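Examination of the molecular architecture
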Amino acid sequence: MTTTAPARPTSVEPGGIEAIPASKRHGSPWQLFATWTAPNLEFATVFVGFLAVGVFGLGFWQGIAAIVLGNALGAATQGILSTWGPREGLAQLVLSRTAFGLRGNILPAAINTVMAGLGWFAVNSVSGAFALATLTGMPIWIALLIIVVLEVALAFVGHDLVQVFERYASIVLGVVFIIATIAIFANPQVAPGIASHNGFSLAGFTLTASAAFGYAAGWNPYASDYSRYLPKSVSLVKAGWAAGLGNFVSCTVLMAAGAASALIIAPKGASPTDAFVSGMPTWIADITLVAIAIGAIAANALNIYSGAMSFLAAGVRIRFGLRRAIIAVAFGILGFAIALISILANYTENYENFLLVIAYWIAPWLGIVLVDRLLRRGTAIAAFIPDKAKYRNPAGIISLIVAGVVSIVLFANQTLYTGVVVQATGGLKSPIGDLTPLVGFILAGALYYALFKAFKPQLGGPVAEEPDVIIGVDAADSVA
């Protein structure tokens, strides 16, 4: 295990998004396997698999194929982005500044702040609250309050406590969800259902792949937030594989369980979590409900933490020493209100729309930052990252807006909006499904490459000349 400084899980992490100096680096690359396994061991992951069969109409094996494709793409980019953290010790949306410039980066940072700190937070808190309420019989709002308080407490303390929690949660949740998955597949309705449901449509396949990608890649804008504390000397290959595999394996197993659960007839009027455990033996159902509640906490500790990081990466100036921790609490309060409202809404339809919206913005953002990193290979970025840098790169923001708008206007397929091409081919029942993420990724990457060559933004000197610590990244302090 590579260690240069002790972890401090009981101390509140000070500061915000400053670069992590060598004296505070610690950890092993394989800790990222647990970091990206535990937050996926929750009901929101299961529900993606349920959508494939129960909503998008795919047969079980056809649904699994789409799930594997979407997860593989999202997990591969998770692994790649995780390798960026150790070099500069910076959060993902801070590193995004090279592709967008200081001002242009406000847009992706703001989007991720809303999606992570509020959107994902509400989605996961709702499923955790449903599980806790079913298990204990307490009112749903009290269950939600308990879940939110625990989530916020973890995020408030910060990185080291979150990492420790995810490590142990991945073991406990892994065991419980393996038992739950076996119970699902052992249900007498599942095997005949798999044999008799062989439906396939391009629409169902692309919708499922997009939803799975939206879920797995939903962690992409956080990737280096949890690898930036690793020493510079760490094996980037191991870090990439650990993060990618943790994301892929956990998502795929639980989505497969969700797809199988769609073949089981649930009690009428049951909540989504109740329906999932309805066919299990009582003791397995009970420990699964506990796991769903803990899984929501594991996921939202990351969501609130990284939401606060993205908020600061947008350039918001806060002078408090515990600014990241204070922002985490604020997100918890807002997220609680949103989650409470969501409980009263159509969970299935809203969750499907949310997953697709996640994919709509992350796909073009990914295309841009990956091409930017390729074009900057071997060069230093220290001059372009600090808050007071005079660096501009219009190629990024133009590519994000153009690719995002074009792909959504033409190919979006959900109840909130259907694109022009989708409407022309049958509306919500269009045979092409939803190609927005694929089009957005390719268009944004290609457009950024062309505009990068046209605008010729600054390139740094050799990466070997980059300083050990980039000064002036945070609005208040020099380094962490």
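In short, a report on the structure. (Residues numbered from 1 in each chain as written. Predicted model: local features only at pLDDT ≥ 70, side-chain atom pairs only at ≥ 80, totals over all residues. Heavy atoms only, no water.)

1. What to know about the overall build of the protein chain
Each helix and strand in the protein chain was counted, giving 19 helices and zero strands. Computed over C-alpha atoms, the radius of gyration of the protein chain comes to 22 Å, within 12% of the 23 Å expected from 2.2 N^0.38 for 480 residues, which places it in the range of a compact globule. Taken over the C-alpha atoms alone, the protein chain extends approximately 65 × 55 × 40 Å along its principal axes. Burial status across the protein chain gives 60% buried among its 480 residues. (Helix = DSSP H or I, 4+ residues; strand = E, 2+ residues; numbered from the N terminus. Rg over C-alpha atoms; globule rule 2.2 N^0.38 Å. Buried < 20%, exposed > 50% of the residue type's maximum accessible area, 1.4 Å probe, protein only.)

2. Considerations on helix α14 (residues 282-313)
Along its 32 residues, α14 runs 46 Å from first to last C-alpha, staying within 8% of the 46 Å computed at 1.5 Å per residue. Burial within α14 is extensive, with 25 of its 32 residues counted as buried. Positive backbone phi, at 95°, marks glycine 315, one or two positions downstream of α14. (Expected span 1.5 Å × (residues − 1).)

3. Overview of the pattern of salt bridges
Tallied over the full model, the rule gives seven salt bridges. Taking the shortest distance from any N to any O, the salt bridge between lysine 232 and aspartate 468 comes out at 3.9 Å. Of the two residues, lysine 232 sits in the loop between α11 (202-216) and α12 (236-261) while aspartate 468 sits in the segment after α19 (436-455), which places them 236 residues apart along the sequence. Taking relative accessible area as the criterion, aspartate 468 reaches 62% and is therefore assigned exposed. With a shortest N-O distance of 2.8 Å, aspartate 372 and arginine 376 are connected by a salt bridge. Across the pair, arginine 376 and aspartate 372 agree in class, each one buried. Each of the salt bridges in this network shares a partner with another, and the network as a whole consists of Glu13, Arg228 and Arg324. (Salt bridge = Lys/Arg side-chain N within 4 Å of Asp/Glu carboxyl O.)

4. Thoughts on the nonpolar core
Trp120, Tyr215, Met280, Tyr351 and Trp365 are the most contacted members of the largest nonpolar core, which has 142 residues in total. It is α14 that provides the largest number of residues to this core, a total of 17 residues. (Core = buried A, V, L, I, M, F, W, Y, C linked by side-chain atoms within 4.5 Å.)

5. What about unusual backbone geometry?
Although it is not a glycine, lysine 456 sits at a positive phi angle of roughly 50°. Looking at the secondary structure, you find lysine 456 in the segment after α19. Residue lysine 456 is classed as exposed on the basis of its relative accessible area of 66%.

6. Structural notes on the packing of aromatic side chains
Applying the stated criterion to the full structure yields 16 aromatic pairs. Where phenylalanine 43 meets phenylalanine 276, the ring centres are 5.9 Å apart and the plane angle is 65°; that geometry is what we call edge-to-face. Taken as a pair, phenylalanine 43 in helix α2 (residues 43-55) and phenylalanine 276 in helix α13 (residues 272-277) lie far apart in primary sequence, 233 residues in all. Assessed through its relative accessible area of 5%, phenylalanine 276 is described here as buried. Here the basic side chain of arginine 373 rests over the ring of tryptophan 84, its NZ or CZ set 4.5 Å away from the ring centre. (Phe/Tyr/Trp six-rings, centres within 6.5 Å; stacked < 30°, edge-to-face > 60°. Lys NZ or Arg CZ within 6 Å of the ring centre and 35° of its normal.)

7. Some words on the environment of alanine 285
Relative to the helices and strands, alanine 285 is located in helix α14. The spatial distance from the C-alpha of alanine 285 to the C-alpha of phenylalanine 165 is 23 Å, given a sequence separation of 120 residues.

8. A word on a nonpolar patch on the surface
Together, Trp30, Phe33, Val237, Trp241, Leu245, Val249 and Val253 make up an exposed nonpolar region whose accessible area comes to about 650 Å². Residue contributions to the nonpolar patch peak at five residues, all from α12. Within the secondary structure layout, leucine 245 lies in helix α12. (Patch = residues over 30% accessible without salt bridge, like charges linked within 9 Å, V, L, I, M, F, W, Y side chains within 5 Å. Areas by Shrake-Rupley, 256 points an atom, 1.4 Å probe, with all protein chains shown as cover.)

9. Comments concerning the packing of helix α6 (residues 97-104) against helix α17 (residues 394-411)
Their axes nearest at 6 Å, the elements α6 and α17 cross at an angle of 95°. As judged from the angle between their axes, α6 and α17 are roughly perpendicular. Here α6 contributes Ala99, Phe100 and Gly104 to the contact with α17, which in turn contributes Gly396, Ile397 and Leu400. Per-class residue counts for the contact of α6 with α17 are four nonpolar, two polar and no charged. (Axes fitted to C-alpha atoms, helices over the stretch in contact; angles between N-to-C directions. Parallel < 35°, antiparallel > 145°, perpendicular 65-115°, else oblique. Contact = heavy atoms within 4.5 Å. Nonpolar A, V, L, I, M, F, W, Y, C, P; charged D, E, K, R; others polar.)

10. Some details on the environment of valine 126
With respect to the helices, strands and loops of the structure, valine 126 is situated in helix α7 (residues 106-136). Separated by 243 residues in sequence, valine 126 and valine 369 place their C-alpha atoms 32 Å apart.

11. Comments concerning the side chain of threonine 113
Tracing the backbone shows threonine 113 in helix α7. At 3.1 Å, the side chain of threonine 113 forms a polar contact with the backbone nitrogen of phenylalanine 311. Excluding residues within four positions of it along the chain, threonine 113 makes contact with Leu118, Gly307, Ser310, Phe311 and Phe331. (Polar contact = N/O pair within 3.5 Å; in protein donor to acceptor, adjacent residues only side chain to side chain.)

12. Observations concerning α2
Roughly 25° is the biggest bend found in α2, and it falls at glycine 49. The complete set of buried residues in α2 reads Phe43, Ala44, Thr45, Val46, Phe47, Val48, Gly49, Leu51, Ala52 and Val53. Positive backbone phi, at 75°, marks glycine 57, one or two positions downstream of α2. (Bend = angle between axes of the 7 residues up to and from the residue.)

Honestly, that's just the spatial picture; any functional story needs more than this.
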